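Chain by chain, the residues:
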Amino acid sequence: MTGSIVFVLNGPNLDHLGIREPAIYGHATLADVEASCRSETDAAGLTLRFHQTNAEHEMIAWVHEARVGAAGIVINPAAFSYAGYPLLDALKMCDCPIVEVHISNIHRREAEWRSKSIMTQAVTGIISGLGVDGYPLAVRHIVNLRAAGK
Ligand code: CA2
C-alpha cells in the first residue's frame, strides 16, 4: 500500500476516555492517544488523520475517504463493533490494512456480548486488552507494512 495517510478512527463514547470508568479504560484521554499515534506517523514521515464520532454515518464517510489510497486504518469501533453492519460493509470495501483496537480485553469482560465484534470479518488483525498502548502499536504495524511495500 503506497498511501501516506494513516486514519485512526474512534467510535461512540470514546470522547469520554480518561473521564469515565478509569478502572477499565485507564486515565489517558483521547488527546493523549492522538499524541502517541502522531509520534509514530511523524517518525515515519506519514500523515495522521485522527477522529472520533458518535454517528455511524460519519465513521463510514471517513472509511470511504481511506478506501482510496490510505496507508491503513486503525479503528476502535466501540459499540459499533456489535451491530454496525453498514460500517462493516464499508470496511470490507477497503484494500488497505485495517487494525481493530480495543482498549479493554473484550474477551474478558463481564458481558459476553462485548466479545462478539462483527468487525473481525473485515479487519487484518486485532489488538485488545493492551490499554491505549494498542493504538500506537497498531499505527506502527501499518508503518512497517508500508515500509515493506505490503
Ligand atoms: O475496550 C474498548 O476499547 C471498547 O471498544 C470500548 C467501547 C466498548 O463498547 C467496547 O465493548 C470495548 C466503548 C465503551 C464505552 O465508552 C467509554 C469510553 C471511555 C470511557 C468510558 C466509557
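So, here's what we can say about the structure. Just so it is clear, the model here is predicted, and its values are computed rather than measured. (Residues numbered from 1 in each chain as written. Predicted model: local features only at pLDDT ≥ 70, side-chain atom pairs only at ≥ 80, totals over all residues. Heavy atoms only, no water.)

### Regarding the sheet that holds strand E2 (residues 47-52)
Phase 1 of the analysis: What the five strands build is an open sheet, ordered E2-E1-E3-E4-E5; its pairing is parallel. Each edge of the sheet is formed by a strand with only one pairing partner; in this case those strands are E2 and strand E5 (125-128). Along the sheet, successive strands turn relative to each other by an average axial angle of 15°, direction set aside.
Phase 2 of the analysis: For strand E1 (residues 5-10) and strand E3 (residues 72-76), the ladder comprises five bridges, and the chain directions are parallel. Paired with Leu 9 across the two strands is Ile 75, which belongs to E3. (Pairing = 2+ DSSP bridges. Helix = DSSP H or I, 4+ residues; strand = E, 2+ residues; numbered from the N terminus. Axes fitted to C-alpha atoms, helices over the stretch in contact; angles between N-to-C directions.)

### Considerations on the site of the ligand
Phase 1 of the analysis: Around the ligand, 16 residues are found, and the nearest of them are Asn 76, Tyr 82, His 102, Ile 103 and Ser 104.
Phase 2 of the analysis: The separation between an oxygen atom of the ligand and a polar side-chain atom of His 102 is 2.8 Å.
Phase 3 of the analysis: With respect to the ligand, the side chain of Ser 104 contributes an N or O atom lying 2.6 Å from an oxygen atom.
Phase 4 of the analysis: Considering the ligand on its own, with 510 Å² of exposed area, one finds that the protein chains cover 94% of that surface.
Phase 5 of the analysis: Using a 2 Å cut-off from the grid points, one finds that the ligand occupies the largest pocket. (Near = heavy atom within 4 Å. Polar contact = N/O pair within 3.5 Å; in protein donor to acceptor, adjacent residues only side chain to side chain. Areas by Shrake-Rupley, 256 points an atom, 1.4 Å probe, with all protein chains shown as cover. 1 Å grid on protein atoms, 1.4 Å probe; cavity = no way out; pocket = protein on both sides within 12 Å on 5 of 7 lines; lining within 4 Å. Sits in = over half its atoms within 2 Å of the grid points.)

### Examining helix H5 (residues 85-92)
Phase 1 of the analysis: Along H5, the positions that sit buried rather than exposed are Leu 87, Leu 88, Ala 90 and Leu 91. Within H5, the buried residues cover an arc of 160° as seen down the axis, which keeps them to one side.
Phase 2 of the analysis: Against helix H3 (56-67), E3, helix H4 (80-83) and strand E4 (98-102) lie the buried residues of H5. (Buried < 20%, exposed > 50% of the residue type's maximum accessible area, 1.4 Å probe, protein only. Arc of directions from axis to C-beta. Contact = heavy atoms within 4.5 Å.)

### Quick word on the side chain of Arg 109
Phase 1 of the analysis: Along the chain, the position of Arg 109 falls in the loop between E4 and E5.
Phase 2 of the analysis: Only 2.8 Å separates the side chain of Arg 109 from the side chain of Ser 104, close enough to count as a polar contact.
Phase 3 of the analysis: Side chain to side chain, Arg 109 and Glu 110 meet in a polar contact 3.5 Å long.
Phase 4 of the analysis: Dropping the residues within four chain positions of it, Arg 109 is found in contact with Ile 24, Tyr 25, Ser 104 and Arg 114.

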